[in-house]
Amino acid sequence: MEVSLALNPDSSSDPAALKELGAARFKAGDLQGAAEAFTALIELIELLLSQQQAADELEVEQQAHGSDEQEQACAEAQQQQQMQMLLAGALSNRAACWLGLNKHEECVADCWAALQALAAGNRSVVAAVSSDAQLGGGAPTAGAYCSTERILSLGSGRSSSCSGVVLGLQHLQQPAQLLALTSKAAAQSAARTVARLAAACVCLKWLPAAEAAFDWAAACWGVLGEEGRVAAILADKHKLQQQV
């Protein structure tokens, strides 16, 4: 991790410390420094996820002819969800840094990546629940699995144009169903990220994409009962409409 070399060596392998460092730098107005800290955090989480995946694959091979360890598989999937949530937060926070640094295309790209991390975390939990159901619990239906997987189903390349962003937003689960399918923390993270996406689209003059993002974020905060945030987002949308 090249960026990590410029950070405190004691924090370069500690996700919590890197997250705190990035937040402190952002609060102090050091957006470039914050972006570097969040980049180091992103790289560290990706490394940890890669190591976890390799360990899981090895464990599957070793247990191919043994007894199933469903409870362990469920616990590992929940751990992966936590890592994906942390990754989503780091990407969204770095997007906020890029927004402040007028790097709007980088902001849009990180917002999509954050949403994809949220989707990956939810898929891992659904898979774990399905496995755990063999121990006596109830498995979700195929329709429920597809709906959960579609929460933030985003294809590659959708951050490169206004039409691509609009198309990507159309693939987001509707906020009214989102909270029933995922955790409140994941829904809040999605709402924050899409609001940042909207702001970047405004700066890029991608006005249809910005309007669609404002609508989705406002609806999501509304479902979450955050009326103050809804009002702020609608005010930003009104300013956008006055520019058209």
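Residues numbered from 1 in each chain as written. Predicted model: local features only at pLDDT ≥ 70, side-chain atom pairs only at ≥ 80, totals over all residues. Heavy atoms only, no water.

A.B. asks: Whenever I open this one, the pattern of salt bridges confuses me. Can you help?
C.D. replies: When the charged atoms of two side chains lie near each other, side chains of opposite charge can form a pair. Enumeration over the complete set of coordinates arrives at two salt bridges. Here Arg94 ties to Asp110 by a salt bridge, and the two come within 2.6 Å at their closest N and O atoms. Note that Arg94 is positioned in helix H3 (residues 70–100) and Asp110 in helix H4 (residues 104–132), a separation of 16 residues in sequence. Each member of the pair, Arg94 as well as Asp110, carries the same accessibility label: buried. Residues Lys237 and Asp215 are paired through a salt bridge, measuring 2.6 Å at the closest nitrogen-oxygen approach. Of this pair, Lys237 sits in helix H10 (residues 227–243) while Asp215 sits in helix H9 (residues 207–223), placing them 22 residues apart in sequence. (Salt bridge = Lys/Arg side-chain N within 4 Å of Asp/Glu carboxyl O. Helix = DSSP H or I, 4+ residues; strand = E, 2+ residues; numbered from the N terminus. Buried < 20%, exposed > 50% of the residue type's maximum accessible area, 1.4 Å probe, protein only.)

A.B. asks: I tried to follow helix H8 (residues 184–203) on my own but got confused; where do I start?
C.D. replies: Working note: α-helix, 3.6 residues per turn, so residues spaced by three or four point in the same direction. With 20 residues, H8 should cover 28 Å at 1.5 Å per step; its first-to-last C-alpha distance of 29 Å lies within 8% of that length. One or two positions beyond H8, positive phi appears at Lys205, with a value near 65°. (Expected span 1.5 Å × (residues − 1).)

A.B. asks: Please explain the environment of Leu91 as it appears in this structure.
C.D. replies: As for its position among the elements, Leu91 is in helix H3. Exposure remark for Leu91: the relative accessible area of 7% places this residue in the buried category. In this structure, the C-alpha to C-alpha distance between Leu91 and Thr193, residues 102 residues apart in sequence, is 9.0 Å.

A.B. asks: I would appreciate a short explanation of the nonpolar core in the present structure.
C.D. replies: The nonpolar side chains of a soluble globular protein tend to be buried with one another. Core analysis: the biggest nonpolar cluster contains 55 residues, and Val165, Leu169, Val194 and Leu197 have the highest contact counts within it. Ranked by the residues each element gives to this core, the list is headed by H8, at 10 residues. The residues touching Val194, leaving out its near neighbours within four places in the chain, are Leu115, Leu169, Leu172, Ala213, Trp216 and Ala217. (Core = buried A, V, L, I, M, F, W, Y, C linked by side-chain atoms within 4.5 Å. Contact = heavy atoms within 4.5 Å.)

A.B. asks: Teacher, can you tell me more about the confidence of the model for the protein here?
C.D. replies: Atom-level detail of predicted coordinates should not be read off regions where pLDDT is low. Averaged over every residue, the pLDDT of the protein is 79; the share at 70 or more is 70%. Across the protein, the secondary-structure element scoring lowest on mean pLDDT is helix H5 (residues 142–149), at 35, and the one scoring highest is helix H1 (residues 15–27), at 96. Across residues 1–6, confidence stays below pLDDT 50; counting only partners more than four residues off in sequence or on other chains, it has 11 contacts. Predicted confidence is poor over residues 125–157, with pLDDT under 50, and the contacts of this stretch with residues over four places away or in other chains come to 47 contacts. (pLDDT = per-residue confidence, 0-100.)

A.B. asks: Before we go on, may I ask you to explain the packing of aromatic side chains in this structure?
C.D. replies: Two descriptors summarise a pair of aromatic rings, namely the distance from one centre to the other and the angle between the planes of the rings. For the coordinates displayed, the defined rule picks out zero aromatic pairs. Between the NZ or CZ atom of Arg229 and the centre of the ring of Trp221, over which it lies, the distance is 4.4 Å. (Phe/Tyr/Trp six-rings, centres within 6.5 Å; stacked < 30°, edge-to-face > 60°. Lys NZ or Arg CZ within 6 Å of the ring centre and 35° of its normal.)

A.B. asks: Sorry, what's going on with the environment of Met83 here?
C.D. replies: Tracing the backbone through its elements, the reader meets Met83 in helix H3. Residue Met83 is classed as buried on the basis of its relative accessible area of 14%. Along the sequence, Met83 and Pro15 sit 68 residues apart, while their C-alpha atoms lie 9.8 Å from each other. Sequence-distant contacts of Met83, defined by excluding residues within four places in its chain, comprise Ile45, Leu48, Leu49 and Gln52.

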